[in-house]
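One letter stands for each residue in the lines below.
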Amino acid sequence: VQTIYRLFVVVYATRRYLQSKRIIISITIIQWLISITFAIPALTFDRIVYQPGSRICQASLNDLVIFLYLSMFIFFCPLAIIVPIYIRIVQFTKQHSFVTIANQRRKQREIRLIRRLLIIVAMIFFMSFPYLIFFLRAQFFANAPTLPYAQR
């Protein structure tokens, strides 16, 4: 939602109706509805199991189908939306020459904000590597003893 709002403020700044509270609240509600529905297949097919060693309920690392579904829906799909939008914003700010000093400051502020947000996205991406290692270990070495901290 924040990414879409930044797109509306920077790229489509002349279309003020896109920046209205009504549009942003509508986008937020749509995002909530999508977020609520992502786990329904996992719950209806009983793919969420209790992990007694870790004392939590979650999708098992050994269940390839549901683990990939959840990782795609929760992690990769949002990144696939966020990254192209930020790329579009950066391209727009670099292409348009700002003549006045106030507009140049605005451009520098927008680029600085986008850099910070891209750093956050990159950190989230790189922080997911331990999950990938645990997942690959569970898939390729199914007979290996489970690590107590892997599920958490």
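Bear in mind that the values here come from a model prediction, so they are computed numbers and not experimental data. (Residues numbered from 1 in each chain as written. Predicted model: local features only at pLDDT ≥ 70, side-chain atom pairs only at ≥ 80, totals over all residues. Heavy atoms only, no water.)

## Quick notes on helix H4 (residues 64-95)
Okay, step 1: Here H4 contains 32 residues, and its C-alpha end-to-end distance of 44 Å stays within 8% of the 46 Å for a straight helix at 1.5 Å per residue.
Okay, step 2: Bending of H4 peaks at approximately 40° at the position of Met-72.
Okay, step 3: Residues of H4 that are buried: Ile-66, Phe-67, Leu-70, Ser-71, Phe-75, Leu-79, Ile-85, Tyr-86, Ile-89, Phe-92 and Thr-93. (Helix = DSSP H or I, 4+ residues; strand = E, 2+ residues; numbered from the N terminus. Expected span 1.5 Å × (residues − 1). Bend = angle between axes of the 7 residues up to and from the residue. Buried < 20%, exposed > 50% of the residue type's maximum accessible area, 1.4 Å probe, protein only.)

## Comments concerning the packing of aromatic side chains
One pair of aromatic rings is described through two measures. These are the centre distance and the angle between the planes.
Okay, step 1: Within this structure, the stated rule accounts for two aromatic pairs.
Okay, step 2: Ring plane angle 40° and centroid distance 5.9 Å describe the contact between Tyr-69 and Phe-73, whose orientation is recorded as tilted. One end of the pair is Tyr-69 and the other is Phe-73, both in helix H4 and four residues apart, which spans about a single turn. (Phe/Tyr/Trp six-rings, centres within 6.5 Å; stacked < 30°, edge-to-face > 60°.)

## Brief notes about the packing of helix H1 (residues 2-10) against helix H2 (residues 21-37)
Okay, step 1: Where H1 contacts H2, the two axes come as close as 10 Å, and the packing angle between them is 150°. Between H1 and H2, the interaxial angle falls into the category roughly antiparallel. Between H1 and H2 lies a crossing whose hand is right-handed. Mapping the contact onto sequence places Ile-4, Tyr-5 and Phe-8 in H1 and Ile-23, Ile-24 and Ile-27 in H2. (Axes fitted to C-alpha atoms, helices over the stretch in contact; angles between N-to-C directions. Parallel < 35°, antiparallel > 145°, perpendicular 65-115°, else oblique. Left-handed = near helix turned anticlockwise from the far one by under 90°. Contact = heavy atoms within 4.5 Å.)

## Describing unusual backbone geometry
Okay, step 1: Although it is not a glycine, Asp-46 sits at a positive phi angle of roughly 50°.
Okay, step 2: Examined against the element boundaries, Asp-46 turns out to sit in the loop between helix H3 (40-44) and strand S1 (48-51).

## Things to note about the UniProt feature "transmembrane region" (unreviewed entry) in the chain
Okay, step 1: Sequence positions flagged by UniProt for "transmembrane region" (unreviewed entry) are, in local numbering, residues 23-44, 64-87 and 113-136.
Okay, step 2: In residues 64-87, the share of helix is 100% and the share of strand is 0%. The end C-alpha atoms are 32 Å apart.
Okay, step 3: Counted over residues 113-136, helix gives 96% and strand 0%. Its end C-alpha atoms are 35 Å apart. (UniProt positions renumbered as here; feature names shortened; annotations may be inferred.)

## So, the nonpolar core
It is characteristic of soluble globular proteins that their nonpolar side chains tend to be buried jointly.
Okay, step 1: In this structure, Leu-7, Val-10, Val-11, Ile-85, Tyr-86, Ile-89, Phe-92, Ile-114 and Leu-117 together form the largest nonpolar core, which totals nine residues.
Okay, step 2: If you list the elements that add at least two residues to this core, you get H1, H4 and helix H5 (101-127).
Okay, step 3: By residue number, the principal contributor to this core is H4, which donates four residues.
Okay, step 4: Phe-92 has contacts with Val-10 and Val-11, leaving out every residue within four places of it along the chain. (Core = buried A, V, L, I, M, F, W, Y, C linked by side-chain atoms within 4.5 Å.)

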